Amino acid sequence: MAAALTPDAHPATALAGEWAAHLGRDRRRSTHTIRAYVAGAHRLISFLGRHRGEAVTGATLRALDAADLRAFLAHRRNEGLANRSTARELSALRGFLAFAAERAGEQAVIPRVKGPKLKPGVPRPIAPDEAVALAEDVAAQAAEPWIAARDWAVLLLLYGAGLRVGEALGLTGAVLPLGETLSVTGKRNKTRVVPLLDKVREAIEDYVQLCPYPVGRDDPLFRGARGGALGSDIVRRAVRGARARLGLSGKTTPHALRHSFATHLLARGADLRSLQELLGHASLSSTQIYTSVDAAHLLDVYRNAHPRA
């Protein structure tokens, strides 16, 4: 391969920037999704620049063939990219290539490249007592009472209302005073209404009373130690520490609390359509995966307990 060119040397880099704006404005993708998708586009542009030894333009992208795309995916696999991440990156790049063609007024012709085979994943929820123990342990490690109340409230919100971490941390003071339901803005800026259990509401109210920072309508509800918006990395780091201290599975993550919310509701008779609305899933197929969870859990119990499993 030829020497690498700087990103500014590739006209297609500006096209990736336009795609980012399109994803946010027209497709209503989340900031996290846009960042991940555009990073993949930049990686493709950089790879093609080295692979071909020339500046990459929109015309280069529109002329991309299956061999070029397979070479890029092989390069990414050699970097250690897992099957699921490879499939996700390939899907994003197809969108980028289609956008490049549309911007030039051409019909998109995407190279036919098969993605890696994926085994259907089954969410791994955690038991109710483990969810509570996790939240208690995280809160117990806090340096100040108001931070303990904050961490307790955030984790109860994930488990008790099924929110994604980003959704919980995206809440503002506009949700106050709390009622029996909570309006949540999820992926693609879609808003849904979720019931708020008494214990969850009380936990949030206790935190707000103890929080040393004012919580105005436009202020983040959950604050970091210095007063800024609480970051998702802090929540994930706290959960990693707690699961190590409690000896819980490595799959015990903040998102696993959302899985637990869904699984426990389904086990208690919730119908899939209602669960889909509560979780904010765009399609029912995303919700149907939870019907496999109970069977998967029973199989785990069998394998661990049966002497000849």
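As the structure is a computational prediction, the values presented were derived from the model and not from experiment.

Enquirer: Tell me what's going on with the pairing of strand S1 (residues 181-185), and back it up with residues and numbers.
Expert: Only one face of S1 is buried, namely the one carrying Leu182 and Val184, since none of Thr181, Ser183 and Thr185 on the opposite face is buried. Here S1 pairs with strand S2 (residues 191-195) via five bridges, running antiparallel. If you follow Thr185 over to S2, its bridge partner there is Thr191.

Enquirer: Account for the packing of aromatic side chains, with residues named and values stated.
Expert: Two numbers describe a pair of aromatic rings. These are the distance of the centres and the angle of the planes. The tally for this structure, following the rule as stated, stands at six aromatic pairs. Pairing Trp19 with Tyr37 gives two aromatic rings, centres 6.0 Å apart and planes at 15°, and the pair type is stacked. Of this pair, Trp19 sits in helix H1 (residues 12-25) while Tyr37 sits in helix H2 (residues 31-52); the two residues are 18 residues apart in sequence, bridging distant segments of the chain. An identical accessibility class is assigned to Trp19 and Tyr37; each is buried.

Enquirer: Tell me about the pattern of salt bridges, residues and numbers included.
Expert: On inspection of all chains with the given rule, the structure shows 13 salt bridges. A salt bridge links Arg25 to Asp26; the shortest N-O distance between them is 3.2 Å. Residue Asp26 is classed as partly exposed on the basis of its relative accessible area of 43%. Ionic pairing is found between Arg245 and Asp137, a salt bridge with its closest N-O pair at 2.7 Å. On the criterion of sequence distance, the pair formed by Arg245 in helix H10 (residues 232-246) and Asp137 in helix H6 (residues 128-140) is long-range, its members being 108 residues apart. Judged by relative accessible area, which is 44%, Arg245 ranks as partly exposed. Taking the relative accessible area as the measure of exposure, Asp137 reaches 14% and is therefore buried. In this structure, a network of salt bridges that share partners links the residues Arg43, Arg76, Glu79 and Glu89.

Calculation notes
Residues numbered from 1 in each chain as written. Predicted model: local features only at pLDDT ≥ 70, side-chain atom pairs only at ≥ 80, totals over all residues. Heavy atoms only, no water. Buried < 20%, exposed > 50% of the residue type's maximum accessible area, 1.4 Å probe, protein only. Helix = DSSP H or I, 4+ residues; strand = E, 2+ residues; numbered from the N terminus. Pairing = 2+ DSSP bridges. Phe/Tyr/Trp six-rings, centres within 6.5 Å; stacked < 30°, edge-to-face > 60°. Salt bridge = Lys/Arg side-chain N within 4 Å of Asp/Glu carboxyl O.

Without other data, these values stay purely geometric and don't point to any function.
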